[in-house]
Amino acid sequence: AVRFWISSTVGEMASLVQKHFVDTRVAHGPRDPDVLSLFRLLVSTAVQGKAENIPPHLGGEVMRSILGGLPYPEMLLQATIRRVRAEREVSYPRAALIKACINRRTRYQDPTIQEELKMALDESNTNTGYRLGRLFATLEKIQQEANPGINATIRDRFYGAASGTPVTVFGNLMRLKNHHLAKLEHEGRRIFFERLLGQIMEGIGDFPAHLALADQGRFAIGYYHQMQGFYARKGE
């Protein structure tokens, strides 16, 4: 069976495939590969990480998007965010997919915007979803440093609500952070976090009652970028 037919040149096809790799490029750990295969990307959207649980037809639709230079199918973003919320983990492949989905959609709607979400932490991004993701990552990092060896963090309890209905949890989390900041032993570290929180909060204002799907994706990328930023800073 022929699923779809594309008439093109080798050069044009190579350019489209390269664009896919550029779109899915995101900051990652030193042991992670720079390029992720399509299979590894798709399996990150599947329940239990099993190939047989990849949503039907998703692989074919993604290939159509890649070879046609089109936005990725909406079901790809939906499946990825669903896995993030269920497992409370923004993994490298999931971050790569979410970034690519949002950037392609934004570029398709407005060709003057080639890259809404950057490869790594973007402190100039004022999107509320992105800023809230950064805020959530910072609050989790403060909790971790205030309580070394902690098994469960705010991510395990509140990620779903924080990314979907921020107003229901962030007020409490902001009050809780004062307790965690007071427990930090080094004053310099406490000052660093207070300044960072102030910088992030400048672009937020009131906590929204609800984030749409795309903004939940931006939340995930903001969270991922900020955490990667902490890891990079630690390794300096």
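Everything here concerns the structure above.
Residues numbered from 1 in each chain as written. Predicted model: local features only at pLDDT ≥ 70, side-chain atom pairs only at ≥ 80, totals over all residues. Heavy atoms only, no water.

## Topic: the overall build of the chain
The condition that has to hold: Secondary structure counts use DSSP, requiring at least four H or I residues in a row for a helix and at least two E residues in a row for a strand, with both numbered from the N terminus. With C-alpha atoms as the basis for the radius of gyration, the globule rule is written as 2.2 Å multiplied by the number of residues raised to the power 0.38. Buried means the residue's accessible area, taken with a 1.4 Å probe over protein chains only, is under 20% of the maximum for its type, while exposed means over 50%, and partly exposed covers the values in between. We call two residues contacting when some pair of their heavy atoms lies within 4.5 Å. Accessibility throughout is a Shrake-Rupley quantity obtained with a 1.4 Å probe, and a residue counts as covered only by protein chains that appear here. For the charge count, each Lys or Arg is scored as positive and each Asp or Glu as negative, with His and the chain ends excluded. Positions of charges follow a simple convention, taking NZ of Lys, CZ of Arg, CG of Asp or CD of Glu.
If you tally the helices and strands in the chain, you get ten helices and zero strands. At 19 Å, the chain has a C-alpha radius of gyration in line with the 18 Å of a compact globule built from 236 residues. Principal axes of the C-alpha set define a box for the chain whose edges measure 65 × 40 × 35 Å. For the chain, buried positions account for 44% of its 236 residues. Across the chain, contacts joining residues at least 24 apart in sequence account for 71% of those joining residues at least 6 apart. About 12200 Å² of surface is accessible on the chain, with carbon and sulfur atoms providing 52% of the total. Across the chain, the 31 positively charged side chains and the 24 negatively charged ones have centroids separated by 3 Å.

## Structural notes on the packing of aromatic side chains
For any pair of aromatic rings, the description consists of the separation of the ring centres together with the inter-plane angle of the planes. Rules: Each pair of aromatic rings taken from Phe, Tyr and Trp, with Trp reduced to its six-membered ring, is defined by centres within 6.5 Å and is described as stacked if the planes are under 30 degrees apart, edge-to-face if over 60, and tilted in the remaining cases.
Here the structure, examined in full by the defined rule, presents nine aromatic pairs. Every member of this aromatic cluster is reached through a ring pair, and the members are F136, Y159, F170, F207, F219 and Y223.

## A look at unusual backbone geometry
Note: most peptide bonds trans; most residues except glycine with negative phi. The phi dihedral of H57 falls on the positive side, at around 70°, and the residue is not glycine. Inspection of the secondary structure puts H57 in the loop between α2 (38–43) and α3 (58–68). Judged by relative accessible area, which is 60%, H57 ranks as exposed. Phi at R88 takes a positive value of approximately 55°, unusual for a residue other than glycine. With respect to the element layout, R88 can be found in the loop between α4 (74–87) and α5 (92–109). Assessed through its relative accessible area of 31%, R88 is described here as partly exposed.

## Some points on the packing of helix α6 (residues 128–146) against helix α8 (residues 170–183)
Applicable threshold: The axes used here are C-alpha line fits, helices contributing only the stretch in contact, and every angle between their N-to-C directions lies in the interval 0 to 180 degrees. What makes a crossing left-handed is the near helix being turned counterclockwise from the far one by less than a right angle; a clockwise turn instead makes it right-handed. Under the scheme applied here, ten amino acids are nonpolar (Ala, Val, Leu, Ile, Met, Phe, Trp, Tyr, Cys and Pro), four are charged (Asp, Glu, Lys and Arg), and all others, including Gly, are polar.
One can describe the packing of α6 onto α8 by two numbers: an axis separation of 9 Å at closest approach and a directional angle of 35°. Viewed along their axes, α6 and α8 form a crossing whose handedness is left-handed. Within the contact between the two elements, α6 uses L132, L135, F136, L139, I142, Q143 and A146 and α8 uses F170, L173, M174, K177, H180, L181 and K183. In terms of residue class, the contact of α6 with α8 is made up of ten nonpolar, two polar and two charged.

## Details of helix α9 (residues 187–201)
Defined as follows: By this rule, a helix spans an expected 1.5 Å times one less than how many residues it contains. This arc describes the spread of directions from the helix axis toward the C-beta atoms.
Taking 1.5 Å as the rise per residue, α9 with 15 residues should run 21 Å; its terminal C-alpha atoms sit 21 Å apart, in good agreement. Among the residues of α9, F193, L196, L197 and I200 are the ones counted as buried. Down the axis, α9 shows its buried residues gathered within 100° of arc, on one side only. Residues of α9 that are exposed and point more than 90 degrees away from the buried face comprise E187, G188 and R195.

## As for the environment of Y92
As a reminder, the rule being used: Definition of a polar contact: a pair of N or O atoms within 3.5 Å, with one able to donate and the other able to accept a hydrogen when the atoms are protein atoms, and with sequence-neighbouring residues admitted only if both atoms are side-chain atoms.
By secondary structure assignment, the location of Y92 is in helix α5. In this structure the C-alpha to C-alpha distance between Y92 and D156, which are 64 residues apart in sequence, comes to 18 Å. Residues contacting Y92, with those up to four places away along its chain left out, are V26, A27, H28, D32, P33, D34, V35, L36 and Y224. In this structure the side chain of Y92 is engaged in a polar contact, spanning 3.4 Å, whose partner is the backbone oxygen of D34.

## Some details on the side chain of R83
Tracing the chain through its elements places R83 in helix α4. Once residues within four sequence positions are removed from consideration, R83 is found in contact with S44, T45, A46, V47, R88 and R94.

## Some words on the side chain of R94
Counting through the fold element by element, R94 comes out in helix α5. Within polar-contact distance, the side chain of R94 engages the side chain of E87 at 2.7 Å. When near neighbours in sequence (up to four residues on either side) are disregarded, R94 contacts S44, T80, R83, V84, E87 and E89.

## Section: the pattern of salt bridges
Using the following cut-off: Salt bridges are identified by distance alone: a Lys or Arg side-chain nitrogen within 4 Å of an Asp or Glu carboxyl oxygen.
This model, assessed by the stated rule, comprises eleven salt bridges. A salt bridge links E87 to R94; the nearest nitrogen and oxygen atoms lie 2.7 Å apart. In this structure R94 comes out as buried when scored by relative accessible area, which is 6%. Between K141 and E145 there is a salt bridge, and its shortest N-O distance comes to 3.7 Å. Note that K141 and E145 are positioned in helix α6 at a spacing of four residues, about one turn of the helix. Take K141: its relative accessible area is 14%, and that puts it in the buried class. Relative accessible area serves as the criterion here: at 26%, E145 is assigned to the partly exposed category.

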